[in-house]
Amino acid sequence: MKPQTAAGPAAPSSASISENLLSASGDDFPVGVIEGMYGAFWTMEDRRSFVPWLKSRGYDFYIYAPKGDSCLRRQWFREYPPGYLESLRDLAARARSIGLSFGIGFTPLNAVSMDSGTCPPELRASGAAGEEHVLRLVSARIRELFETVAPDIVAVLFDDLRIDSREAGKTQNRILRRILAELPENVRIITCPSFYSLDPILEKIFGKMPETYFEDFARDLPARADIFWTGDRVMSSGYSLASLERARDIIGRKPFIWDNYPVNDGQRTSGHLYLASPENRTDLVSGARGVAINPMKEHWLSRIPLSLIPEILKPHASGASGSGQHRGADSRQELLTAALLRETSPEFADFILNRCPDFSTTDRSQLSETALAALAAAVPDLPGLPGITADLRDFLTGRYVFDKTCLTG
């Protein structure tokens with residue numbers, strides 16, 4: 001059954017996602033942002049201002065998928081609370097009105113939620129009967145999303161789940177095919193397997209990968225279903241053509257890169273700020289299907305590095321400066337300086353470049369509380385952009401703490 005959109009904001013036309021997402025930049029390489037970090041720091045007001053900013057900087061899409069939203073992850077099987085879908089509908093309408101495709105990340109069969117006491121017993125049942133209950137509820141949730149929100153993109157995410165069955169790939173494949181049966185043909189689907197990298201940390205934390213996992217996971221998936229991949233590591237420092245071709249051989253199609261730069265939600269990264277441009281990304285255009293950037297916990301500060309990425313990946317896109325890829329420390333510093341001046345002010349740029357430690361290499365914990373308090377007091381005010389000032393002060397004073405549910409960073 002294909003869901004029909006209920007009365008309210010119009011659903012995307014048949015020409016919406018596949019054409020808009022791929023043609024927004026004039027080529028077949030969509031670049032967007034997936035809000036996929038752990039923690040609960042961004043507000044809906046942040047997102048409402050973020051959407052037009054993304055479009056103005058040359059991005060093609062935004063996917064709402066915060067790990068802290070239990071409605072789409074830990075408690076996906078529960079009814080949505082009053083007003084929840086309406087707030088997402090309004091955000092989706094805001095994005096679509098300016099030509100930015102809007103997506104939602106959904107994680108059915110979350111191992112944590114299935115073991116919790118709040119999960120209905122029929123969903124924890126083993127065997128075919130239990131799986132059929134899951135499939136029916138997945139279908140119902142997808143219909144609800146489309147009746148109210150009508151997203152352009154659905155990201156089906158099996159990341160960071162405990163794997164304790166040799167049948168995991170087959171089970172996830174059946175869920176994917178059920179969701180595909182519910183989706184209109186013009187909706188893009190991107191899925192994230194449980195093993196989304198060759199990084200050994202995934203097996204160490206979540207369990208051994210079944211021998212036929214990828215074969216089972218991708219069996220009979222249509223070409224329109226893209227597959228997320230983070231690279232050779234969960235936090236990859238770059239992407240070579242050889243590594244992208246290796247990923248293609250593993251998953252059976254070009255990977256859609258989930259780029260975990262500049263995200264800082266892990267235990268080792270929470271004390272850092274990554275404001276400079278990423279390195280070693282030029283091979284993505286020829287070796288990947290597209291890119292979804294996972295931003296930092298600090299919404300406003302994320303705009304500084306995010307403003308540079310279309311310049312690297314899509315130098316001719318609307319909103320990008322056309323500078324292309326820049327190599328070397330000097331060039332990265334020049335790009336950072338330009339981004340700071342564009343997104344903040346000369347005073348704030350001077351503070352970051354000359355008076356503040358480089359928190360990409362220096363962990364916040366290396367400074368004394370006295371030093372951190374002094375830095376926070378010295379942060380220049382930005383009357384027109386108070387969020388950037390607040391973000392930096394909050395980082396310095398310890399508001400952005402590590403979320404212990406993040407196990408891979």
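Residues numbered from 1 in each chain as written. Predicted model: local features only at pLDDT ≥ 70, side-chain atom pairs only at ≥ 80, totals over all residues. Heavy atoms only, no water.

Draft legend 1. Fine view of the packing of helix α16 (residues 369-378) against helix α17 (residues 386-397). Direction vectors running N to C along α16 and α17 enclose 170 degrees, while the axes themselves pass 9 Å from each other. The pairing of α16 with α17 is recorded here as roughly antiparallel in orientation. Together, L372, L375 and A376 of α16 and R393, L396 and T397 of α17 make up the contact between the two elements. When its residues are assigned to classes, the contact of α16 with α17 shows four nonpolar, one polar and one charged. (Axes fitted to C-alpha atoms, helices over the stretch in contact; angles between N-to-C directions. Helix = DSSP H or I, 4+ residues; strand = E, 2+ residues; numbered from the N terminus. Parallel < 35°, antiparallel > 145°, perpendicular 65-115°, else oblique. Contact = heavy atoms within 4.5 Å. Nonpolar A, V, L, I, M, F, W, Y, C, P; charged D, E, K, R; others polar.)

Draft legend 2. Spotlight on the pattern of salt bridges. Scanning all chains against the criterion turns up 28 salt bridges. The shortest N-O distance in the salt bridge between E182 and R143 comes to 3.1 Å. One end of the pair, E182, is in helix α7 (residues 168-182); the other, R143, is in helix α6 (residues 127-148), with 39 residues separating them in the sequence. A relative accessible area of 24% places R143 in the partly exposed class. When the shortest N-O distance is used, the salt bridge between R342 and E311 registers 3.2 Å. (Salt bridge = Lys/Arg side-chain N within 4 Å of Asp/Glu carboxyl O. Buried < 20%, exposed > 50% of the residue type's maximum accessible area, 1.4 Å probe, protein only.)

Draft legend 3. Seen up close, the packing of helix α2 (residues 44-56) against helix α12 (residues 299-306). Packing of α2 against α12 leaves a shortest axis separation of 11 Å and a crossing angle of 15 degrees. Taken together, the axes of α2 and α12 lie roughly parallel to each other. Between α2 and α12 lies a crossing whose hand is right-handed. Contacts from D46, S49, F50 and W53 of α2 reach α12 at H299, W300, R303 and L306. (Left-handed = near helix turned anticlockwise from the far one by under 90°.)

Draft legend 4. Geometry of the confidence of the model for the protein. The predicted model of the protein has a mean per-residue pLDDT of 86, with 82% of residues at 70 or higher. Predicted confidence is poor over residues 1-26, with pLDDT under 50, and the contacts of this stretch with residues over four places away or in other chains come to 59 contacts. Ignoring residues within four places in sequence, the model shows residues 320-327, a span with pLDDT below 50, making 22 contacts including any to other chains. (pLDDT = per-residue confidence, 0-100.)

Draft legend 5. Representation of unusual backbone geometry. With an omega of 20 degrees, the peptide bond running from Y261 to P262 counts as cis. Checked against the element boundaries, P262 lands in the loop between β7 (256-259) and α11 (284-287). Of note in this structure, D160 is not a glycine but carries a positive phi near 60 degrees. Relative to the helices and strands, D160 is located in the loop between β4 (153-157) and α7. Phi angles above zero are rare outside glycine, and N280 is one such case at about 55 degrees. Mapped onto the elements, N280 comes out in the loop between β7 and α11.

Draft legend 6. Local environment of the environment of S197. Along the polypeptide, S197 turns up in the loop between β5 (188-192) and α8 (201-206). Accessibility expressed as a relative area gives 6% for S197, which makes it buried. The spatial distance from the C-alpha of S197 to the C-alpha of R233 is 5.8 Å, given a sequence separation of 36 residues. There is a polar contact of 3.3 Å between the side chain of S197 and the backbone oxygen of D232. (Polar contact = N/O pair within 3.5 Å; in protein donor to acceptor, adjacent residues only side chain to side chain.)

Draft legend 7. Focus on empty space enclosed by the protein. Under the counting rule described, the total for this entry stands at two cavities of 30 Å³ or more. Counted as a void, the second largest cavity has a volume near 50 Å³. Contributing to the lining of the second largest cavity are A65, P66, K67, L72, R73, G105, T107 and L157. Residues belonging to the lining of the second largest cavity are distributed by class as follows: four nonpolar, two polar and two charged. (1 Å grid on protein atoms, 1.4 Å probe; cavity = no way out; pocket = protein on both sides within 12 Å on 5 of 7 lines; lining within 4 Å. Points joined across faces, edges and corners; volume = space filled by probe spheres on them.)

Draft legend 8. Representation of the nonpolar core. Formed by 118 residues in total, the largest nonpolar core has its most connected members in Y62 and F228. Among the elements that line this core, the one with the most residues is α6, at seven residues. In this structure, Y62 is in contact with V33, E35, R47, F50, V51, L54, L91, L100, S101, F102 and G103, ignoring residues within four places of it in sequence. (Core = buried A, V, L, I, M, F, W, Y, C linked by side-chain atoms within 4.5 Å.)

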